[in-house]
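# Geometric and topological summary
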Amino acid sequence: MRGIVLRFALGILTCLVILVVPSRLHAQSDAAKVYKANCVLCHSDDGSGSSPTGKALKARDLRSDEVQSRTDAELAEVITKGRGKMPAFGAKLKPDDITKLVAYVRELPKKT
Amino acid sequence: MLRTECGYSLGRIFLKLFAILPLVVLAGPCAYAVPSYSRQTGLSCASCHYAPPELNAFGRKFKLEGYTFATKPEVSEDEKDHNSGLRLLEAFPLSVLFDTSFTSTKSPQPTTQNGNFEFPQAASLFLAGSWGNHVGSFLQVTYDSQADHFTWDNTDIRYANNSGHLFGKPLTFGTTFNNNPTVEDLWNSTPAWGYPFVSNNVAPSPSAAAIINGSLAQDVAGLGGYTMWNDHLYVAGTLYRSEHIGGTQPNPGTGFGFNIRGVAPYWRLAWQTSTQNNNLEIGTYGMHLKSSPGAITGPEDGYTDWAADFQYDRMLPQLKNDVLSFRGTYIRENSSLVASFGNGAAAVVGHHLNTAQANVEYHFGTRLSGAVGYFNVTGTADPLLFAQAPVSGSANGSPASNGYLLNLSWWPQQNIDLAVQYTGYLRFNGAGTNYDGAGRNAGANNSTYLLVRFVF
């Protein structure tokens, strides 16, 4: 029994090390960090909105022409004030972060 | 009668244990939509719940990511050079819950009054929200009117990080520090957050319950890890030790039915998939523990629970996005009660217990939900473990019980729940008629329960 428990504990520890180390090595820009912290929940890592959350909320595909055809000011306004089911981030994010976020959204189609 | 080193009768301990177990098990989940999450995210309760505490895809993700997602102002400073960052909610994440209820059983329990008001049945305080970058909590303390005191309730404090990648796919991982096996889980098909979502604490309830089905709730402390890969594969594991609320430290074990020897591993594996209107989860979970009843040394009882579960939520666009949910779980418990047998609390060493639960629920928007559930418990008969006693006992020593649960909840506002629930028993502690040997039938324990709940 003790052996099983030790192997179980070791397994958890190994998994955490495996998972944490690559993420640490994966350097992120400021914009990517802001995107990860605020947008991934619905819009997915790649902006597609293909996660279960994104599908359920019918989150926009940030790579789509519909989104990319908006001006930077329009995108910044949506982030700041929210729209539909999307909450407003103006109270949390600084204008500078929102500007970086818009630039990051512009880069998403190129990453696919 | 055999006694422990400290002079406690193990038979009495077991009787106490089995008197308390049903209350723990059928008390149901003690947690809800928590308004401080709403204040933190700027989103309504319905953003995370079909009906509290049932999580939708967004709610699962919010929990997976450590309860940290926020859109409201924070006191923050970025990490720079060798300086740490800071991220604190400006609004302290505190919430309140107030339950008041009425319960009536088909036949009164001997020498007691039937038709019971509880005002309150329970009142809870929650510290629920982001504690900082990557760290958040669901933490609850509850006042129970029958015990007349506050006590620690479900708690899940977690670190989460969504920046991982594995095989080119996104990976979220974290750690959880909690006090109830399955409380960390994301679905409503496992015990801690399973149906029924509200329940009375007055009517008699069946004696037998698997250890993972609530028997250890708030009586253990566990540290574990979890990960979700590519929004599909969820893997979690936790190691638990006994942590008896109200007990002395160091733990002498006396007076407590379960004293975990070493550590008790809990495991969870689930796979989910989704389309725009469908969410499906199938999974397995379980636990293994060795315990010395009423002691921390000597012979051990061993339990291993193997369980499977599923949840399917179907959104119906043609019906204004109403949601139909199907959930179920099966738990197989194998136990080797060496200590209990040696102490005269069990007639045989080898036992098994099968628990099957299934329910279907229709959500009329976020205003109304109606659910039907069925449960069935069977297992090894044991006249000592399931001893004869009026109302709570079994005349034939069988743990077998089955019945149904009907629930209708109305939410005039998303933070006010008016519920009516009916529990019907076809078999109770081994029989449909005269199950306790004192002339009481299973149907006598059928109960009607009315609840008014406020959370704010």
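Reading guide: rules and limits
- Position numbers for residues count from 1 along each chain, tracking the sequence in the order it is written.
- Chain A is the first chain written and ligand 1 is the first ligand written, with later ones labelled in order.
- Only residues with pLDDT of 70 or above have their local features reported here, since the model is predicted, and side-chain atom pairs are shown and tallied only from 80 upward, although totals for entire chains, interfaces and linings are computed over all residues.
- By definition, any uninterrupted DSSP run of H or I lasting at least four residues is a helix, any uninterrupted run of E lasting at least two residues is a strand, and each is numbered from the N terminus.
- Residues with at least 20 neighbouring C-beta atoms inside 10 Å of their own are called buried, those with 12 or fewer are called exposed, and the rest are partly exposed, where every C-beta is derived from the backbone.
- Placing C-beta atoms from the backbone, we regard two residues as in contact once those atoms come within 7 Å.
- Ten residues, namely Ala, Val, Leu, Ile, Met, Phe, Trp, Tyr, Cys and Pro, are considered nonpolar, four, namely Asp, Glu, Lys and Arg, are considered charged, and the remaining ones, Gly among them, are considered polar.
- Comment: axis = line fitted to C-alpha atoms, over the contacting stretch for helices; angle = value between 0 and 180 degrees taken between N-to-C directions.
- Angles are sorted into four bins: roughly parallel if under 35 degrees, roughly antiparallel if over 145, roughly perpendicular if 65 to 115, and oblique for all others.
- By definition, any crossing whose near helix is turned counterclockwise from its far helix by less than a right angle is left-handed, and any crossing with a clockwise turn is right-handed.
- Each pair of strands is called paired provided DSSP finds at least two bridges between the two strands.
- We define a nonpolar core as a collection of buried residues of the types Ala, Val, Leu, Ile, Met, Phe, Trp, Tyr and Cys that are connected via C-beta atoms lying within 7 Å of each other.
- Scored from 0 to 100, pLDDT reflects the predictor's confidence in each residue.

## Quick word on the overall build of chain A
Broken down by element type, chain A carries 7 helices and 0 strands. Starting at the N terminus and ending at the C terminus, chain A contains elements arranged as α-α-α-α-α-α-α. Expressed as a percentage of the 112 residues in chain A, the buried residues total 33%. In chain A, the share of contacts with a sequence separation of at least 24, taken over all contacts with a separation of at least 6, comes to 43%.

## Comments concerning the interface of chain A and chain B
Chain A puts 29 residues into the contact, and the matching count from chain B is 37 residues. At 10 residues, helix α1 (residues 2-25) of chain A tops the list of elements feeding residues into the side of chain A that touches chain B. Looking at the side of chain A that touches chain B residue by residue, the classes come out as 18 nonpolar, 5 polar and 6 charged.

## Describing unusual backbone geometry
All names here are of chain B. Cis geometry is adopted by the peptide bond preceding P53, which originates at P52 and carries an omega value of 5 degrees. The omega torsion of the bond from Q249 to P250 falls at 0 degrees, within 30 degrees of zero and hence cis. The backbone of Y67 sits at a positive phi, close to 60 degrees, despite the residue not being glycine. Tracing the sequence through the fold places Y67 in the loop between α3 (57-64) and β3 (74-77).

## Here we look at the packing of helix α6 (residues 72-81) of chain A against helix α7 (residues 95-111) of chain A
Residues and elements named next belong to chain A. Between α6 and α7, the least distance of the axes is 9 Å, while the angle of their chain directions is 120 degrees. Judged on the interaxial angle alone, α7 and α6 are oblique. As α6 runs across α7, the sense of the crossing is right-handed. Contact with α6, carried on its side by D72, L75, A76, I79 and T80, involves I98, T99, L101, V102 and V105 of α7 and no other residues of that element. Across the contact of α6 with α7, the residue classes break down as 7 nonpolar, 2 polar and 1 charged.

## Focus on the pairing of strand β18 (residues 401-413) of chain B
Within a regular strand, side chains alternate between the sheet's two faces. Residues and elements named next belong to chain B. Relative to β18, strand β17 (residues 368-379) runs antiparallel, the two sharing 10 bridges. Residue pairing for β18: A371 is matched across the bridge by N407. Relative to strand β19 (residues 416-427), β18 is paired through 10 bridges, and the arrangement is antiparallel. In the strand pairing of β19, Y404 is matched with G424.

## Quick look at the nonpolar core
Inside soluble globular proteins, nonpolar side chains tend to come together where they are buried. Core analysis: the largest hydrophobic core is formed by 52 residues, its most contacted members being Y35(A), L101(A), V105(A), C48(B), F58(B) and A128(B). When residues no more than four places from it in sequence are discounted, the contact partners of A128(B) are V34(B), S36(B), Y37(B), Y67(B), P93(B), S95(B), S137(B), F138(B) and L139(B). Formed by 36 residues, the second largest nonpolar core is a distinct cluster that contains W193(B), A264(B), M287(B) and A339(B).

## Overview of the confidence of the model for chain A
Close reading of the predicted structure is inappropriate where its pLDDT is low. Residues and elements named next belong to chain A. Residue-level pLDDT values for chain A average 81, and 73% of them are 70 or greater. Mean pLDDT in chain A bottoms out at α1, which sits at 57, and peaks at α6, which reaches 93. Ignoring residues within four places in sequence, the model shows residues 20-27, a span with pLDDT below 50, making 7 contacts including any to other chains.

## Side note on the packing of helix α2 (residues 30-38) of chain A against α7(A)
Residue and element names in this part refer to chain A. Here α2 crosses α7 at 90 degrees, and the two axes come no closer than 9 Å. In terms of axis orientation, α2 runs roughly perpendicular to α7. Contacts from D30, A31, A32, V34 and Y35 in α2 reach D97, K100, L101, A103 and Y104 in α7. Each residue belonging to the contact of α2 with α7 can be placed in one class, and the counts come to 7 nonpolar, no polar and 3 charged.

## Examining the environment of C42(A)
Residue and element names in this part refer to chain A. By secondary structure assignment, the location of C42 is in helix α3 (residues 40-43). The sequence separation of C42 and D61 amounts to 19 residues, and the corresponding C-alpha distance is 9.9 Å. Those residues within four positions of C42 in sequence are excluded, and the remaining contacts are G49, T53, G54, L57 and A59.

## With respect to the environment of T284(B)
Residues and elements named next belong to chain B. Along the chain, T284 turns up in strand β13 (residues 278-291). T284 sits 25 residues away from D309 along the chain, and the two C-alpha atoms are 6.0 Å apart. Excluding its chain neighbours within four sequence positions, the residues that come into contact with T284 are L269, A307 and A308.

## Structural notes on the pairing of strand β5 (residues 94-105) of chain B
Residues and elements named next belong to chain B. Along β5, the buried face is formed by S95, L97, D99, S101, T103 and T105; none of L94, V96, F98, T100, F102 and S104, which line the opposite face, is buried. Of the pairings in the sheet, the one linking β5 to strand β6 (residues 116-132) comprises 9 bridges and is antiparallel in character. Directly across from V96, in β6, lies its bridge partner L125. One ladder, built from 9 bridges, connects β5 with strand β20 (residues 447-455); its direction is antiparallel. Bridged to L97 within β20 is V455.

## Examining the confidence of the model for chain B
Model confidence for chain B is summarised by a mean pLDDT of 91, while 93% of its residues fall at 70 or above. Both scores are given for the predicted complex: the pTM is 0.87, the ipTM 0.71.

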